[in-house]
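Residue-level structure breakdown
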Amino acid sequence: MEYLALNWKDDYVIFNSQDTEYKAPYGAVPCGEKITFKIKINKKAMPENVRLHILEDNKENPNCPHKVEFSMEKKGIVNVKENDGENEYIEYICTINSPNTPNLLFYYFELKLTGGIIKYYGNNYDDLGGFGNIYDSFPKPYQITTYYSNSTTPDWFKKSIIYQIFPDRFFNGNPDGKVNAHKKNSFIYGNWSDLPLYVKGQNGEILRWDFFGGNLLGITKKLDYLKEMGVNLIYLNPIFKARSNHRYDTGDYKEIDPMLGTEEDFKFLISEAKKRKINIILDGVFNHTGMDSKYFNACGTYDSVGAYNSVGSPYYNWYTFHKHPDDYESWWGIKDLPCVNELSPSFMDYIINDEDSVVNKWFKFGIKGWRLDVADELPSPFLKALRKKCHENDKDSILLGEVWEDATNKISYNVRREYMCGEELDSVTNYPFRNYFLDFFSNKFDSFKLKKLFERMKENYPKENFYSLVNILGTHDVVRILTMAEGVAGTMQDIVYKKELYKEKILQKGGLLRDLEIKILKLIILMQMSFPGIPIIYYGDEAGVRGGADPDNRRTFPWGNEDKNIQTWYKTLTSLRNRNDFFATGYFKQIPVNEDVYGILRYSQKGKDCFNKYLKNTDEMFAFVFINRNPLLSFEVKINTNDYPEIFKNKNLNKLKSFFDSEDIKIENNEIIFTIEPLSSKILSDKIL
């Protein structure tokens, strides 16, 4: 036993959850499919046996999973090349069946060594998947997402570029510029370029809602602009009648807000958008209504008996009253937003089931789906019924949920959610995408950690859902991306000035700050447009709009004063993505070069994407995309073509072309060598993209 204690090394075990040699198939697994695990243990460890521990998730109590153990079979001895030469390893293997209904599986390995010593091998300390760590007890488990095999997402959606519009702030399309249907106790800004603000009372309540007067006709008049920007899907923040400017306090789910226009205006918008091959999805706010609504009617605005008015109201069971009428459940304690009981039969009928339900009504207008506000608040049976009804209306419709974290393992109200199992959501808002790149440029971690973060994402999500993630840089709920880039640039600026660079070119810090923030922004946008998943542009981000927290992030679109530099960059990249749809559904590999230089490879094979479907361009296509976050240093990048046989095997290439500058990059002795300048990028391909 003393010998074991002295000679055990944690690197005696080899397992990588992201390598099909050790766990197959890769990543998420369809229900009822076999999963094979293989682990290698150095002979010097003198293992007696190895057991695989499977923890089947208990959705109702995630802290108490169902445990199952499997004895792993000893397969033989293999030689492994290591730093100290070749060493003999014993291979152990085990094959299990994934569950017949979707569930999360968590797993780790137990190693019993000669002398009775027990070691565990589990996920690494950061829960990032891939290579793991040895534990003496309580190992971190790996995750496997299981899902229904027939669950797919529409091809048109995976190849979309979304444009999010906050209707009041986009454009007033009325010929005279007047605002439609002024609301009581509100105010209209004197100038379109005024900055938004809240007029609040002593307790933080909104005293008067503010409006600029953007409307549906204004969106219709700007469809050609959106088409020019490469957009083919519009997501509208709420458009239904409400008291506020954001309209998340729904007053009537079946009526267009009069300030935005009429049902005829909406029909016209949809028909004109379809002429330009642009789809539209609406914001579904089904967790709560407004207290000033026909359903609650606390303000007496509507000619209806609301739940606030009487316990005999047809809407009374939609809400939870502790003491009627003033003490009721509300969203995050905001009395203006009383929560609904989504599983109330009459609410389910009104929103989903009735022939004239909210969902059915707006699908008849020609919408292509819904974005669901606060999806974490919506119970699973409601989501399943909603998705089923959406698909009955349009089999290619989509249901996009607002989720801020990894949606595959999200716990909400102590219950594990089933968003990605194949019956609830098609996609979610991928806020981690934004966070990862901002943290990367802020030097919170390097490109190797960035790769691990995205590889974990790819491993956890079913492929159909991974390629449908909506990759966010900005929304109405977060600080504008240009303002975030300015913050990152502020730190870089100090570093640059300490090195006394830019001394002759830029005399004032403001000029350097602007230079840095634009470069950072452009590199992040490039990654958004190159990645798997669906890019979303928050209105005005492409025009250089700044803004802090709400309401500052909801400024008006600066028509006539757009930042042409940023706008042109967006147009260039959306056009690149739309011309080359292997950027949408092609294969994906990550290439961290050093701490500062991060790259990805996107490609097709035999004219097909990773779903084995033919692309627009049936040639074999590929592009290397690299960014350098360092504001001071250039780096020489070397790519060995032998590392990418899927691209270079059986191809006699002697050069690649650089997309932005059309420079020829030579291939010599199976190496591609190029320089990437500070805060710059490179896109390399063998064809004109």
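Now for a description of the structure that goes with this document. (Residues numbered from 1 in each chain as written. Predicted model: local features only at pLDDT ≥ 70, side-chain atom pairs only at ≥ 80, totals over all residues. Heavy atoms only, no water.)

**As for helix H12 (residues 481–498)**
The terminal C-alpha atoms of H12 lie 26 Å apart, and with 18 residues this matches the ideal 26 Å at 1.5 Å per residue to within 8%. Every buried residue belonging to H12 is among Ile481, Leu482, Ala485, Val488, Ala489, Met492, Gln493 and Val496, and all of these are buried. (Helix = DSSP H or I, 4+ residues; strand = E, 2+ residues; numbered from the N terminus. Expected span 1.5 Å × (residues − 1). Buried < 20%, exposed > 50% of the residue type's maximum accessible area, 1.4 Å probe, protein only.)

**Some points on the pattern of salt bridges**
Here the structure, examined in full by the defined rule, presents 54 salt bridges. Residue Asp336 pairs with Arg243 through a salt bridge whose shortest N-O separation is 2.5 Å. One end of the pair, Asp336, is in the loop between strand S22 (327–328) and helix H6 (345–353); the other, Arg243, is in the loop between strand S18 (240–242) and strand S19 (250–256), and 93 residues separate them in sequence. Residue classification places Asp336 among the buried positions, given a relative accessible area of 17%. You can call Arg243 partly exposed: its relative accessible area is 29%. For Asp394, the salt bridge identified is with Lys368, shortest N-O distance 2.9 Å. With Asp394 in the loop between helix H8 (380–393) and strand S24 (398–401) and Lys368 in the loop between helix H7 (358–365) and strand S23 (369–372), the pair connects residues that are 26 residues apart, well separated along the chain. It is possible to trace a salt-bridge network through shared partners that takes in Glu486, Arg514, Glu517, Arg546 and Asp563. (Salt bridge = Lys/Arg side-chain N within 4 Å of Asp/Glu carboxyl O.)

**Focus: the sheet that holds strand S30 (residues 587–592)**
Sheets are built from strands paired through backbone hydrogen bonds, the pairs being either parallel or antiparallel. In spatial order, the strands read S30-S31-S32-S37-S34-S35-S36-S33; together these eight strands make up an open sheet with antiparallel pairing. At either end of the open sheet lies a strand with only one pairing partner, and these are S30 and strand S33 (635–640). Adjacent strand axes in the sheet meet at a mean angle of 25° when their direction is disregarded. Bridge count for strand S31 (residues 597–603) against strand S32 (residues 622–628) is seven bridges, and the pairing is antiparallel. Its bridge partner lying in S32, Arg602 is registered against Ala623. (Pairing = 2+ DSSP bridges. Axes fitted to C-alpha atoms, helices over the stretch in contact; angles between N-to-C directions.)

**Overview of the packing of helix H9 (residues 431–441) against helix H10 (residues 447–460)**
As a packed pair, H9 and H10 sit with axes 10 Å apart at the nearest point and diverge in direction by 170°. Taken as axis vectors, H9 and H10 run roughly antiparallel relative to one another. Note on element contacts: H10 touches H9 through Ser447, Leu450, Leu453, Phe454, Arg456 and Met457, opposite Pro432, Phe433, Tyr436, Phe437 and Phe440. Grouping the constituent residues of the contact of H9 with H10 by class yields nine nonpolar, one polar and one charged. (Parallel < 35°, antiparallel > 145°, perpendicular 65-115°, else oblique. Contact = heavy atoms within 4.5 Å. Nonpolar A, V, L, I, M, F, W, Y, C, P; charged D, E, K, R; others polar.)

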